[in-house]
Amino acid sequence: MRTSRTLGLVMIAPAAVMIVLFFLMPVVLTAVFSFTNMTTATGISGGAFQIAPNTLDALRREMPDVAQQLTEPRYAIDEEGIKSVEGLGLDPGIARELREEHLGEVFQSRRDAERMIKDLQDRPSTRDVKQISEQFNRSAANLRFASKDDLFASLDKFGFKLTAGQKENLAKATYTGWNWTTENFSRIASSPDMAQILLNTLLYVALVLVLFNTTYAMALAIWTHYMPDMPATIFRSVWLLPRITPVVIYVLMWKWLAWDTGFISVLMGKFGFPPKNYLLDSAYHAWFFVVLINGFIGASMGMLVFSSALRGIPKSQFFASEVDGASRWQQIRYIILPQMRWPILFVTCYQTLSLLASFNEILLSTRGGPGKATEVWSLAAYHTALNNYAGNLEYGLGAAMALVLVVIGIILSLAYLRVFNYATLVARPLIED
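Analysis parameters
- Residues numbered from 1 in each chain as written.
- Predicted model: local features only at pLDDT ≥ 70, side-chain atom pairs only at ≥ 80, totals over all residues.
- Heavy atoms only, no water.
- UniProt positions renumbered as here; feature names shortened; annotations may be inferred.
- Pairing = 2+ DSSP bridges.
- Helix = DSSP H or I, 4+ residues; strand = E, 2+ residues; numbered from the N terminus.
- Core = buried A, V, L, I, M, F, W, Y, C linked by side-chain atoms within 4.5 Å.
- Buried < 20%, exposed > 50% of the residue type's maximum accessible area, 1.4 Å probe, protein only.
- Contact = heavy atoms within 4.5 Å.

The protein goes by Carbohydrate ABC transporter membrane protein 1, CUT1 family in an unreviewed UniProt entry, where it is assigned to Rhizobium tibeticum. Checking UniProt for the protein, the heading Sequence similarities (unreviewed entry) contains the comment "Belongs to the binding-protein-dependent transport system permease family." UniProt annotates the protein under Subcellular location (unreviewed entry) with the comment "Cell membrane".

Asks: I'd love a proper account of the sheet that holds strand 2 (residues 74-76), names of residues and values included.
Replies: Consider a sheet: its strands pair through backbone hydrogen bonds, and that pairing is either parallel or antiparallel. One open sheet holds the three strands; their spatial order is 3-2-4, and the pairing between them is antiparallel. Strand pairing shows two members of the sheet lacking a second neighbour, strand 3 (106-107) and strand 4 (137-138), which therefore form its edges. Pairing of strand 2 with strand 3, which is carried by two bridges, proceeds in the antiparallel orientation. Following the sheet pairing, Tyr-75 is matched in strand 3 by Phe-107.

Asks: Requested: an account of the nonpolar core, with residues and values cited.
Replies: Generally speaking, nonpolar side chains in soluble globular proteins are found buried as a group. In this structure, Tyr-204, Phe-306, Ile-336 and Met-401 are the most contacted members of the largest nonpolar core, which totals 55 residues. Those elements giving two or more residues to this core turn out to be helix 11 (192-225), helix 13 (247-258), helix 15 (283-311), helix 17 (328-336), helix 18 (341-357), helix 19 (360-365), helix 20 (377-385) and helix 21 (395-419). The dominant element in this core, judged by the number of residues it contributes, is helix 11, at 11 residues. With near-sequence residues (within four places) excluded, Tyr-204 lies in contact with Trp-287, Val-290, Asn-294, Leu-355, Ser-358, Ile-362 and Val-376. Grouped together as the second largest cluster of nonpolar side chains are 18 residues, Ala-76, Leu-151, Phe-160 and Leu-162 included.

Below you can see the structure in the form of structure tokens.
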């Protein structure tokens, strides 16, 4: 027994590793990233401290006095500047006196620095004074510091008079890396765009699921159930074409149908209508095609599941009902549908999660347009985190949106289990008691 148990654990270990690496880890990392402000600007590793122009703009609103100080140049007599003075070809005594007498001094203005330079023993000319002073022109703006201590040391070196609290606020504002935050979820909850995208998602899932993935799929399964085997097999094979066709080619066929040079425009042109792009000319037309494009794919899978389940119903039940004079509709109502609760539950749950997470067909057909009329949640998360026109990809916000989608999927799945009375579906049959 122990050997069999060990062998079973060894056999299942590769599958367990795959589940952890390719299912659990992405979910966990998504949850972790959703509580950060990671973007293209911050990167995914630790950042530095930099007083950039956008930082100064923010500081002007929050700490105008500090921002004013940071924009003013300082003239610091340091070794780098003295070496530059030596390279100007001036009297070597100038650089020597600056190093011996004034190294480390910081002047608040150019006038003060030039006044000191004029008082040097070698008395440089006015032209040389301006050249020398320019070698010591220093600014904290656009400098990059590896740590807060380096930033604070530079500010002290340049003579900035900041309190400890001002320094900490400045460090927070100038940090270019990512931080832990819950701001992503606040943005999702308060953004009108997010509310519209959520409504789009619910509408998309409801329309495709109800019209095609369950209802139409069930109709196809029942229809082919009453057909002879050969025509039924051919019919099912035809309906599998949308699913087995590469998605790029499949969507391209729909675009050819709806483009201004496509079949619909050519056909309508025969009746005097001008050509137009029926796929993107209005939100209603865009939704019409989005639902059809995704619906035909989803209906094929539901048809296969329901057809397989129908074949599991004993034929004796149909024969007995026919003897009793039952019509086709009565067979569907009293024999087929009551025994299809399990398949309907599976298809409903699976297709709901699939529709929530999928966006390939929408991306290839409308890209969420016109405007953002067909932008669904998963597509918005993709645009936010991986591909947008602004260039700054917001990894943290995109991960937060994906996490919200996971939560929505879990809630809907639990609701389906309650609606279909999952406890009775898995209960032991009465005949076994």
